[in-house]
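Architecture at a glance
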Amino acid sequence: MKSIFITSLLLFSFFSSAQTDQKIYNIINSVSEERIKKDVKILTEFGTRNTFSDTVSNTRGIGAARRWIKNEFEAISKDCANCLNVFYQKDFVTKEGNSRVPHDAWIVNVVAIQKGTKYPNRYIIMSGDIDSRASDTMDFTTDAPGANDNASGMAGTIEAARVLSKYKFENSIIYVGLSGEEQGLFGGAGLAAYAKEKGWDIIGILNNDMIGNIEGVDGVIDNRTFRIFSEPVPPTETERERNARRFYGGEVDGISRQLARYVYKTVKTYMPEMNPMMVYRLDRFGRGGHHRPFNDLGFAGIRIMEAHENYTQQHQDIRTENGINYGDTFEHVNFPYAKKLTAVNAINIASLASAPPAPKTVAIGGIVEPSAKLKWDKVEGATGYKIYWRDTTSPTWDNSRYVGDITEFVLEGVVIDNFYFGVASVGKNGHESVIVFPNQILRN
């Protein structure tokens, strides 16, 4: 009788940790293609959103665009009983020492914070860029509609706020429009520094930059694949941590890479029709995005974007040359695809915002033994823990075991030399934290 009870308990523990959440499917279904399309259209009609364009006009320039975005966030907040704290966060930049700054100006971000019910100082961030540019980044007067780059990411962020603000989450969510991306990632740098100053515990940032193009300059048409860019390890790691990696591994297991794997796993679980493509690089070759300033300060951050870019529609004056139509205009955006990538963001934000914190310390041992032993610190709010492991050459966590509410476990028959390991916290709702790669060694 006792063995039957234990078996039943183990089965219950397994299924309670493996279940999916109907709320996540509801979120997918709530994302509106029409609302995204409407918002992209409005953003393109400000003429140019160059960071240094007009700030006084109500119809043209970045000033009008950011006021409209702020009004949208405030309208969303009104619909959810003032659940969003909406404000401008700004920093002043000057021409001195900045080759892409035509004149001194304020870099103004539009921030909307949805406070968590249990962990109000833990934040998951979704960002889009407000600004656009013409062929010459110093040209702040020429029309630059910036439909895909990056009205698509900004509209997706606004739509995610509309959908997710209907729910309550344990962790806080930040929806933000960042400025100054084209001139040097100024907006991201300003907000990252602001977060550091305020002592925010950042779970990670999902930077959305171009989520609406499916026809690549390479001739490929693909409406299901998207890229997740992530750096391998934080630039803030210590010399001791770097030396440890040489002997114990972890060259591709930094906090941003784990965030990328989290997105991959969530999408494969809830949106199996999509094809998430993890790219083991901070960003595209020789180029940058607004997650990087967060990475620079030691925060986890990734870039989510289309898989196939069309360079004739990026950073181009509107014109026709040799039969090619140049310019980032409204008709080039594929809105069913933008809807899908908005949903990708929304479900990952919802899952992370519903999960307990990750363990801060994970220790591993098992040198010259036929097993691997893991030990981690107890997490307030976690009802259990899940051990993951994978081949050292695998990009994804392929094996897992839910071990219940204990803080150490021995994986018998799993040789430590042949795999990489990690541990995630699990909440009572089944949502998991980001996986933590071991950061201490257990000596025998």
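For the structure, check the block above.
Residues numbered from 1 in each chain as written. Predicted model: local features only at pLDDT ≥ 70, side-chain atom pairs only at ≥ 80, totals over all residues. Heavy atoms only, no water.

Some remarks on the overall build of the protein chain
Along the protein chain, the regular secondary structure elements total 11 helices and 17 strands. The C-alpha radius of gyration computed for the protein chain amounts to 23 Å, which stays within 12% of the reference 22 Å derived for 444 residues, consistent with globular compactness. Dimensions of the protein chain along its principal axes, counting C-alpha atoms only, are 75 × 45 × 45 Å. A total of 444 residues make up the protein chain; the buried ones form 58% of that total. Look at the contacts in the protein chain between residues 6 or more apart in sequence, and 75% of them connect residues 24 or more apart. Summing over all exposed atoms, the protein chain offers an accessible surface of approximately 19000 Å²; the carbon and sulfur share of this is 52%. Of the side-chain charges in the protein chain, 51 are positive and 53 negative, and the distance between the mean point of each set is 5 Å. (Helix = DSSP H or I, 4+ residues; strand = E, 2+ residues; numbered from the N terminus. Rg over C-alpha atoms; globule rule 2.2 N^0.38 Å. Buried < 20%, exposed > 50% of the residue type's maximum accessible area, 1.4 Å probe, protein only. Contact = heavy atoms within 4.5 Å. Areas by Shrake-Rupley, 256 points an atom, 1.4 Å probe, with all protein chains shown as cover. Lys, Arg positive; Asp, Glu negative; His and termini not counted. Charge placed at Lys NZ, Arg CZ, Asp CG, Glu CD.)

What to know about a nonpolar patch on the surface
Together, Phe247, Tyr248, Ile367, Val368 and Ile441 make up a nonpolar patch on the protein surface, roughly 530 Å² of accessible area in all. With respect to the element layout, phenylalanine 247 can be found in helix H8 (residues 239–248). Residue phenylalanine 247 is classed as exposed on the basis of its relative accessible area, which comes to 62%. (Patch = residues over 30% accessible without salt bridge, like charges linked within 9 Å, V, L, I, M, F, W, Y side chains within 5 Å. Salt bridge = Lys/Arg side-chain N within 4 Å of Asp/Glu carboxyl O.)

Quick look at the sheet that holds strand S12 (residues 371–376)
Strand order in the open sheet formed by 4 strands is S15-S12-S11-S17, with mixed pairing between adjacent strands. One side of each edge strand has no neighbouring strand; the edge strands of this open sheet are strand S15 (408–412) and strand S17 (440–441). Alignment of strand S11 (residues 362–365) against S17, held across 2 bridges, turns out to be parallel. Counted as the bridge partner of isoleucine 364 is isoleucine 441 from S17. (Pairing = 2+ DSSP bridges.)

As for the sheet that holds strand S13 (residues 384–391)
Reading across from one edge, S14-S13-S16 is the order of the 3 strands in this open sheet, with antiparallel pairing throughout. The open sheet has two edge strands, strand S14 (399–404) and strand S16 (419–426), and neither has a second partner. Averaged over all adjacent pairs, the angle separating strand axes in this sheet is 20°, with direction ignored. As defined by bridge partners, S13 adjoins S14 across 5 bridges and the pair is classed as antiparallel. Bridged to isoleucine 387 within S14 is arginine 401. (Axes fitted to C-alpha atoms, helices over the stretch in contact; angles between N-to-C directions.)

Examining the packing of aromatic side chains
All told, the structure shown has 11 aromatic pairs when counted by the stated rule. Between phenylalanine 419 and phenylalanine 421, the ring centres sit 6.4 Å apart and the planes meet at 70°, which makes this aromatic pair edge-to-face. What makes phenylalanine 421 buried here is its relative accessible area of 1%. What links up through ring pairs into an aromatic cluster is the set Phe87, Tyr123, Tyr194 and Trp200. Between the NZ or CZ atom of lysine 70 and the centre of the ring of tyrosine 88, over which it lies, the distance is 5.4 Å. Directly above the aromatic system of tryptophan 397 lies the positively charged group of arginine 390, at a separation of 4.4 Å from the ring centroid. (Phe/Tyr/Trp six-rings, centres within 6.5 Å; stacked < 30°, edge-to-face > 60°. Lys NZ or Arg CZ within 6 Å of the ring centre and 35° of its normal.)

A short note on the side chain of serine 32
Relative to the helices and strands, serine 32 resides in the loop between helix H2 (22–30) and helix H3 (33–44). From its side chain, serine 32 meets the backbone nitrogen of glutamate 34 in a polar contact 3.3 Å long. (Polar contact = N/O pair within 3.5 Å; in protein donor to acceptor, adjacent residues only side chain to side chain.)

Examining the pattern of salt bridges
If you walk through the whole model with that rule in mind, you get 24 salt bridges. Here arginine 284 and aspartate 283 are joined by a salt bridge, their closest N and O atoms 3.2 Å apart. There is no split in this pair, since arginine 284 and aspartate 283 are both buried. Its salt-bridge partner being glutamate 432, residue lysine 386 comes within 3.1 Å of it at the nearest N-O pair. Taken as a pair, lysine 386 in strand S13 and glutamate 432 in the loop between S16 and S17 lie far apart in primary sequence, 46 residues in all. For the pair lysine 386 and glutamate 432, one class covers both residues: buried.

Digging into unusual backbone geometry
Cis peptide bonds are those with omega within 30 degrees of zero, and the linkage from aspartate 149 to asparagine 150 qualifies with 5°. Structurally, the position occupied by asparagine 150 is in helix H5 (residues 147–164). One non-glycine residue with positive phi stands out, namely leucine 185, at about 60°. Mapped onto the elements of the fold, leucine 185 is located in the loop between helix H6 (181–184) and helix H7 (186–198). Note on leucine 185: relative accessible area 7%, which makes it buried. Not every positive phi belongs to a glycine, and valine 368 is a case in point at roughly 50°. Relative to the elements of secondary structure, valine 368 occurs in the loop between S11 and S12. For valine 368, a relative accessible area of 78% gives the class exposed.

Brief notes about the nonpolar core
With 67 residues, the main nonpolar core has Ile69, Phe73, Leu164 and Phe226 as its most contacted residues. If near-sequence neighbours (up to four positions away) are discounted, isoleucine 69 is found in contact with Leu43, Val110, Ile130, Met154 and Ile158. The next biggest cluster of nonpolar side chains, apart from the first, holds 18 residues, and it includes Val379, Ile387, Val403 and Phe421. (Core = buried A, V, L, I, M, F, W, Y, C linked by side-chain atoms within 4.5 Å.)

Brief notes about the pairing of strand S2 (residues 105–114)
The buried fraction of S2 amounts to 9 of the 10 residues, a majority that puts the element mostly inside the structure. Here 10 bridges tie strand S1 (residues 84–93) to S2, and the two strands are oriented antiparallel to one another. Bridging across to S2, valine 86 finds its partner in alanine 112. Relative to strand S4 (residues 171–178), S2 runs antiparallel, the two sharing 5 bridges. Bridged to valine 111 within S4 is valine 176.

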